[in-house]
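# Descriptive analysis of the structure
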There are 2 protein chains.
Amino acid sequence: MEFEKELRKNGLKNTPHRTRIMEVLESYEVPVSAQDIYERLKEDKVRISLSTVYRTLDKLVALDFVRKLSFTGEDSALFESIRKGHRHYLVCLRCRKKTVIDKCPIKEYQETLERETDFSIEGHKLAIYGYCPACK
Amino acid sequence: MEFEKELRKNGLKNTPHRTRIMEVLESYEVPVSAQDIYERLKEDKVRISLSTVYRTLDKLVALDFVRKLSFTGEDSALFESIRKGHRHYLVCLRCRKKTVIDKCPIKEYQETLERETDFSIEGHKLAIYGYCPACK
DNA sequence: CTACATGCAAACCGTTTGCACCCTA
DNA sequence: TAGGGTGCAAACGGTTTGCATGTAG
């Protein structure tokens, strides 16, 4: 398994907690907070502490299994599995609901920018804000 | 003066502190933190507290004189004057230096999205990350 | 059996808030 | 002179960390 192998390669251990956290991340269609993951695991009767969730997320982000996001108006960081692919969100400023934007409007521009600026570009963060049909 | 008038219209007072904070924001070419503003004012021998800086920034953001930004890897929020115009930044992941991107690659897409989704779109946040010529 | 992983509680740190006093309009 | 503004210190809340113990390899 890719996940297990990647952990080993970095001197990390493949513990039940790590697998569970990855599973929770993949079970959600939208980004979730460390707290969300913690509560979800509690419901599933998993004995875990919030700090383990944070420590695990740090590692999953470093290994590039997970992406860390932050949104205006959201008080905590949110996380999602990289396996969801490259995505951006349209966020309702009132109800906070997030809608996936499948097309990335930056991709080409980013390549142009790399040619024009001498930077080596690694990526970008984009979120679009507005009011959803129900809230506007 | 536009600034003074806008404050009054919202039942706010035009104090020396508020003017100073606006001036500091306009004197920087890149976004700055509340702490940066506080320290800059201290250097200028202004007697002010950090909480006043935060409270003022909140109000300036609400009145749309100031934009609040957050960047990956930056531990605190950054602020810039709206008068700088609509901009995005190319951020070096190593030295943290920010380079202004004058062209907005989202504008047209945002209009398309508004037509396609039934959302009323208010704006967007974009930052591009990479390594600058000196750091890469 | 050794190094990494974890739980717990405390520390951290950017930001917010309560309150008494100050100052603008 | 009334109501917003400010300084100070304490509170807040998400996140991190120290330490003793547990467990994967």
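Right, let's walk through the structure included here.

Basis of the calculations
- The residue count restarts for each chain, going from 1 along the sequence in the order it is written.
- Chain letters start at A and ligand numbers start at 1, both assigned in the order the entries are written.
- Only residues with pLDDT of at least 70 get local features here, since the model is predicted, and only at 80 or more are side-chain atom pairs given and counted; chain-wide, interface and lining totals rely on the full set of residues.
- Note that water and hydrogens are dropped before the side-chain values are worked out from all heavy atoms of the structure.
- Each copy is superposed on the other by least squares, with the fit set by C-alpha atoms of residues at a pLDDT of at least 70 in both.
- Note on definitions: a residue-residue contact is assigned when non-hydrogen atoms from the two residues lie within 4.5 Å.
- Any residue with at least one heavy atom within 4 Å of a molecule or strand is counted as near it.
- Any pair of nitrogen or oxygen atoms within 3.5 Å is treated as a polar contact; in protein, a donor-acceptor pairing is required on top of that, and neighbouring residues in sequence qualify only through side-chain atoms on both sides.
- By the criteria applied, helices consist of DSSP H or I runs no shorter than four residues and strands consist of E runs no shorter than two, each listed in order from the N terminus.
- Under the convention adopted here, Pro, Cys and the residues Ala, Val, Leu, Ile, Met, Phe, Trp and Tyr are nonpolar, Asp, Glu, Lys and Arg are charged, and Gly plus all remaining residues are polar.
- The criterion for an aromatic pair is that two Phe, Tyr or Trp rings (for Trp, the six-membered ring) have centres within 6.5 Å, with stacked assigned to planes under 30 degrees apart, edge-to-face to planes over 60 apart and tilted to the rest.
- Counting as a charge over the ring demands two things of the Lys NZ or Arg CZ atom: a distance within 6 Å of the ring centre and an angle within 35 degrees of the ring normal.
- Here, axes are lines fitted to C-alpha atoms. For helices the fit covers the stretch in contact, and angles between N-to-C directions go from 0 to 180 degrees.
- For classification, angles of less than 35 degrees are called roughly parallel, those exceeding 145 degrees roughly antiparallel, those between 65 and 115 degrees roughly perpendicular, and all remaining angles oblique.
- A side-chain nitrogen of Lys or Arg and a carboxyl oxygen of Asp or Glu constitute a salt bridge if their distance falls within 4 Å.

### Quick notes on the relation of the copies chain B and chain A
When chain B is brought onto chain A, the operation consists of a screw motion whose angular component is 180 degrees and whose axial shift is 0.0 Å, with 0.1 Å RMSD remaining. With respect to symmetry, the two chain copies, as superposed, fit the operation of a two-fold axis. Closest approach to the rotation axis among the C-alpha atoms of chain B is made by B:Leu126, whose C-alpha sits 2.2 Å away. Here 100% of the contact residues of chain B are again contact residues in chain A; the copies associate through an equivalent surface.

### Observations concerning the protein's contact with DNA strand C
In the vicinity of DNA strand C lie 22 residues, with A:Thr15, A:Arg18, A:Arg47, A:Thr52 and B:Tyr54 positioned nearest. A distance of 2.8 Å separates a phosphate oxygen of DNA strand C from a polar backbone atom of A:Arg47. Among the elements of the structure, helix 2 (16-27) and helix 4 (50-62) of chain A together with helix 4 (50-62) of chain B are those that each provide at least two residues to the surface near DNA strand C. The element best represented in the surface near DNA strand C is helix 4 of chain A, accounting for five residues. In terms of residue class, the surface near DNA strand C is made up of four nonpolar, 10 polar and eight charged.

### Notes on the packing of aromatic side chains
All names here are of chain A. According to the stated counting rule, one finds four aromatic pairs over all chains in the structure shown. Both rings, one in Phe 3 and one in Phe 65, keep their centres 5.2 Å apart while their planes meet at 85 degrees; by these two values the pair is edge-to-face. Of this pair, Phe 3 sits in helix 1 (residues 2-9) while Phe 65 sits in the loop between helix 4 and strand 1 (66-69); the two residues are 62 residues apart in sequence, bridging distant segments of the chain. The side chain of Lys 98 reaches across the aromatic face of Phe 71, ending 5.3 Å from its centre.

### Topic: the packing of helix 2 of chain A against helix 3 (residues 34-43) of chain A
Pairs of packed helices are described in terms of their axes, by the angle between the two and the distance that separates them. All names here are of chain A. As a packed pair, helix 2 and helix 3 sit with axes 10 Å apart at the nearest point and diverge in direction by 110 degrees. One element, helix 2, and the other, helix 3, form an angle in the roughly perpendicular class. Along its contact with helix 2, which presents Arg 20, Ile 21, Val 24, Leu 25 and Ser 27, the element helix 3 presents Ile 37, Arg 40 and Leu 41. Per-class residue counts for the contact of helix 2 with helix 3 are five nonpolar, one polar and two charged.

### Brief notes about the pattern of salt bridges
Inspection of the entire model under this criterion finds 22 salt bridges over all chains. Between B:Lys9 and B:Glu6 there is a salt bridge; the shortest N-O distance is 3.4 Å. Of this pair, B:Lys9 and B:Glu6 both sit in helix 1 (residues 2-9), separated by three residues, roughly a single helical turn. B:Lys98 is the partner of B:Glu74 in a salt bridge, and the nearest nitrogen-oxygen pair spans 3.4 Å. With a gap of 24 residues between them, B:Glu74 in the loop between strand 1 (66-69) and strand 2 (78-81) and B:Lys98 in strand 4 (residues 98-101) connect regions that are remote in the sequence. Three or more residues joined by partner-sharing salt bridges are found here, namely A:Glu29, A:Lys84 and A:Arg87.

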